[in-house]
Amino acid sequence: KINLKVVEKGFKLKSSTTQVLNILEKGGIKELIYYHPPEIEYNKYIQYLNDYAFFLSETDRYKEAIPILEKVINLSPERVVAYLNLGDCYYKEYQKSNKKSDKEKVIENYKKYVSLLKKGAKIPERVSLFLK
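The notes below deal with the structure included here. (Residues numbered from 1 in each chain as written. Predicted model: local features only at pLDDT ≥ 70, side-chain atom pairs only at ≥ 80, totals over all residues. Heavy atoms only, no water.)

## Focus on unusual backbone geometry
Part 1 of the argument: The residue Asp-60 is not glycine, and still its phi comes out positive at about 60 degrees.
Part 2 of the argument: Structurally, the position occupied by Asp-60 is in the loop between helix 3 (42-58) and helix 4 (62-75).
Part 3 of the argument: For Asp-60, a relative accessible area of 56% puts it in the exposed group.
Part 4 of the argument: Its identity as a non-glycine residue notwithstanding, Asn-98 has a phi of 60 degrees, on the positive side.
Part 5 of the argument: If you trace the backbone, Asn-98 turns up in the loop between helix 5 (80-97) and helix 6 (100-116).
Part 6 of the argument: On the accessibility criterion, Asn-98 (58% relative accessible area) is exposed. (Helix = DSSP H or I, 4+ residues; strand = E, 2+ residues; numbered from the N terminus. Buried < 20%, exposed > 50% of the residue type's maximum accessible area, 1.4 Å probe, protein only.)

## Concerning the packing of aromatic side chains
Part 1 of the argument: With the rule as written, the count across this model stands at six aromatic pairs.
Part 2 of the argument: An angle of 15 degrees between the planes, with centres 4.8 Å apart, marks the rings of Phe-11 and Tyr-48 as stacked. Of this pair, Phe-11 sits in helix 1 (residues 4-12) while Tyr-48 sits in helix 3, and the two are 37 residues apart along the sequence.
Part 3 of the argument: A relative accessible area of 6% places Tyr-48 in the buried class.
Part 4 of the argument: Arranged with centres 5.5 Å apart and planes meeting at 85 degrees, the rings of Tyr-91 and Phe-130 form a pair that is edge-to-face. Remark: Phe-130 occurs in helix 7 (residues 125-131) and Tyr-91 occurs in helix 5; sequence separation between them is 39 residues.
Part 5 of the argument: Look at Phe-130 and you get buried, because its relative accessible area is 16%.
Part 6 of the argument: Through a chain of ring-to-ring contacts, three or more aromatic side chains come together here, namely Phe-11, Tyr-48, Phe-54 and Phe-55. (Phe/Tyr/Trp six-rings, centres within 6.5 Å; stacked < 30°, edge-to-face > 60°.)

Shown next, in the form of structure tokens:
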């Protein structure tokens, strides 16, 4: 069962990513992957999922992050940062696997990210370099 007070506290911490993840997971954040509790406003729910997946990817748990980010994009296709985060996860996967399918996923998500950016927004160097 999810303990929203613990989850909210976890997201507000300025601790290491690993410590934040530990608190989020003790609070039951994984439950959010399977259902949207009515007491969490929809945009906040999407943000929690995205941020949890980002923290997972930052601790090399990107294989766990990928399906969460895909869910975020399904629920909120206009969430620009989710495409960057998903592209980054596939990039890490591609570095290990060297599979063409992983490379294609990186390109697909980075291109979608760039296409959704506001005019004049700065494109991260890693994205520009990969898409060249």
